[in-house]
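One letter stands for each residue in the lines below.
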Amino acid sequence: MTTMTVPQVAQPRPPSSLPWLRHSLSLAGRSVRKMVRHPEQFFDVTLQPVLFLIIFVYVLGGAIAGSTQDYLQFVLPGILIQTVLFSTIAIGVNLNTDIKEGVFDRFRSLPIPRSAPLVGATIAECLRYAITIGVTMVAGFVMGFRTSTSPVRIVAAMLLVLFFAWCMCWIAIWLGMIMREAGSVQGIGFLALFPLTFGSSMFAATDTMPGWLQAWVRINPVTHLTDAMRGLLTGGPVAQDALIALGTSGLILAVFAPLAVRAYRTKA
Amino acid sequence: MTNHAIHAEGLTKRYGTTTALDGIDLAVPEGTVLGVLGPNGAGKTTAVRILATLLRPDAGRATVAGHDVLGDPDAVRRSIGLTGQYASVDEQLSGRENLELFARLLDFTRPDARARAAELLAQFGLDDAADRRAKTYSGGMRRRLDLAASLVGRPAVIFLDEPTTGLDPSKRDDVWNMVRLLTSEGTTVLLTTQYLEEADALADAITVIDLGRVIAHGTAAELKQVVGGRSLQVRPAHLRDVADIRAVLSRVTGRPVGEPTRGLLTAPVEDEQQFTNVVVDLASRGIPVTEISLSLPSLDEVFFTLTGQGAQASATATATAKELA
């Protein structure tokens, strides 16, 4: 409390051409630190896929596919996608609570792009998704899942689902901004995800379903994502499904990221 | 208005049918402290949020450090520091992590951010707690960290929104000293408060607002003249002395003195000499008293004088509810 430097308005500006990215990364660092300090946040993304794998493969697999091993080969990409998609809701719930705390008002009073706190949070979320993907793959391998393609394709599969989840998380953020309570974000998020995940080719072959359901399953982007993942992990056609999955992700991002940022800006 | 660090004209903000600000004008010359005084719900926080670019006004205009809050909010954000009950820190991070984060967001390089955080932690006596989560800080430490956080970018203009509300008196002194230190460095400060005492202690000029309107503006001395200055309060030790003490008070102040309220006799005084005279007079007569004090008019009295009703009565229902809780 002894010395205080003379106030000055101008700040030394480091010669970076991407202040937006730098600010977002600083804020992502904040989110990661908070995650590491609350390891219970990782329970859902680590235990849930393992439990789902065990339930679907060992409880239902024999009945659905005749053999648990055959069903594991079929269902693992689906479980992977399902867990990652369900974990995208967390960011909406967390931001809904976080934004009521004072630190977001301070972010708003700083000369940083308005979207930086949101983008930063999504970058940190990708770490959680990557952990889910890793845990599911390891659990799958332990249970006997085997890939039959090249490492490049496996990495491409991981990146594809990660990108899809990152785009989907903007819907959760938007919900988090417009909902009054964190509980409603969770409720509506799960409600929306059920038809998207279960109403797809994730858990059963599409041709076993009634016609009206097949119609939905065929236009559901998650079906295309699942089929593309299957192709990348265990072989089969990829290109068309992957393109549709990528296109839908991009569309979701293009619609919901601006909506989320706008809702965040106007939420005073 | 060239030398005004903050200048606002006709700021208006409505929420549905509620008018939070009803055309507020504010002017703060560079390097001075403006105290914005008003009860809960008067519009103080709304005004600060508009000036700090957190909120857009429905009408009116304002410049901060020469930049228009609507036209060039980024330049305003580069020039200001904000401390309030809302603009705070991340409780899950340590004091140091918070300050380093804000420095990074203000485009300090990593080493510069580290140095600036260390400097502020030392300045605000937070060295020992630097690496603890802000959540574990005491009320006074939190307030100091909030203040430090708003100073990271060495802003030319600082907004302090009720900086001492909820602090005990010794911590209040702490904050006051820090504000004085800031102003001695030439920083312009806009301070909102519910305490006339605080505005008197820190501000060069005081703007009184109520129900979203400016109802008085002037220096503390001018305001006190309007309100009637200070008052002398005496609590007799024995009921039988009430009449004698009343006589002493009226003789010294030259005004009639009313019945005691809640055991306190109150008389308006014009200067401190009258206080001494009362003490001497009472002592020479051997009249015992249990309490004797000189106090500024309360916010309620200020409002009573300015608006004809107390701060309580003119504040919003929320404020009243808060008061009752």
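Residues numbered from 1 in each chain as written. Chains lettered and ligands numbered in written order. Predicted model: local features only at pLDDT ≥ 70, side-chain atom pairs only at ≥ 80, totals over all residues. Heavy atoms only, no water.

### Side note on the packing of aromatic side chains
Argument step 1. For the coordinates displayed, the defined rule picks out 14 aromatic pairs over all chains.
Argument step 2. The ring of Tyr264 of chain A is capped by Arg108 of chain A, whose NZ or CZ atom sits 4.8 Å from the centre of that ring.
Argument step 3. Taking NZ or CZ as reference, Arg172 of chain B lies 4.4 Å from the ring centre of Tyr195 of chain B, over its face. (Phe/Tyr/Trp six-rings, centres within 6.5 Å; stacked < 30°, edge-to-face > 60°. Lys NZ or Arg CZ within 6 Å of the ring centre and 35° of its normal.)

### Overview of the pattern of salt bridges
Argument step 1. Under the criterion given, the structure shown has 27 salt bridges over all chains.
Argument step 2. Taking the shortest distance from any N to any O, the salt bridge between Arg33 of chain A and Glu97 of chain B comes out at 2.6 Å. Pair noted here: Arg33 of chain A is in helix α1 (residues 19-37) and Glu97 of chain B is in helix α3 (residues 95-105), and the two residues belong to different chains.
Argument step 3. You can call Arg33 of chain A partly exposed: its relative accessible area is 38%.
Argument step 4. A salt bridge links Arg144 of chain B to Asp174 of chain B, with the nearest nitrogen and oxygen atoms 4.0 Å apart. One end of the pair, Arg144 of chain B, is in helix α5 (residues 139-151); the other, Asp174 of chain B, is in helix α6 (residues 169-184), with 30 residues separating them in the sequence.
Argument step 5. Note on Arg144 of chain B: relative accessible area 14%, which makes it buried.
Argument step 6. Shared partners join several salt bridges into a network, and the residues in it are Arg30, Lys34 and Asp98 of chain A together with Asp90 of chain B. (Salt bridge = Lys/Arg side-chain N within 4 Å of Asp/Glu carboxyl O. Helix = DSSP H or I, 4+ residues; strand = E, 2+ residues; numbered from the N terminus. Buried < 20%, exposed > 50% of the residue type's maximum accessible area, 1.4 Å probe, protein only.)

### Things to note about the domain arrangement of chain B
Argument step 1. For chain B, the assigned domains read domain 1 (4-225) and domain 2 (230-295).
Argument step 2. Put simply, the middle of domain 1 of chain B and the middle of domain 2 of chain B, counted by C-alpha atoms, are 40 Å apart. (Domains from an automatic or database assignment.)

### Let's talk about the packing of α3 of chain B against helix α4 (residues 110-123) of chain B
Residue and element names in this part refer to chain B.
Argument step 1. Remark: α3 packs on α4, axes separated minimally by 8 Å, with the N-to-C direction vectors making an angle of 130 degrees. The angle between α3 and α4 places the two elements in the oblique class. The interaxial crossing formed by α3 with α4 has right-handed handedness. Side by side, α3 and α4 meet where Gly95, Arg96, Leu99, Glu100, Ala103 and Arg104 of the first sit next to Arg110, Ala113, Arg114, Ala117, Ala118, Leu120 and Leu121 of the second.
Argument step 2. Residues that form the contact of α3 with α4 fall into these classes: seven nonpolar, one polar and five charged. (Axes fitted to C-alpha atoms, helices over the stretch in contact; angles between N-to-C directions. Parallel < 35°, antiparallel > 145°, perpendicular 65-115°, else oblique. Left-handed = near helix turned anticlockwise from the far one by under 90°. Contact = heavy atoms within 4.5 Å. Nonpolar A, V, L, I, M, F, W, Y, C, P; charged D, E, K, R; others polar.)

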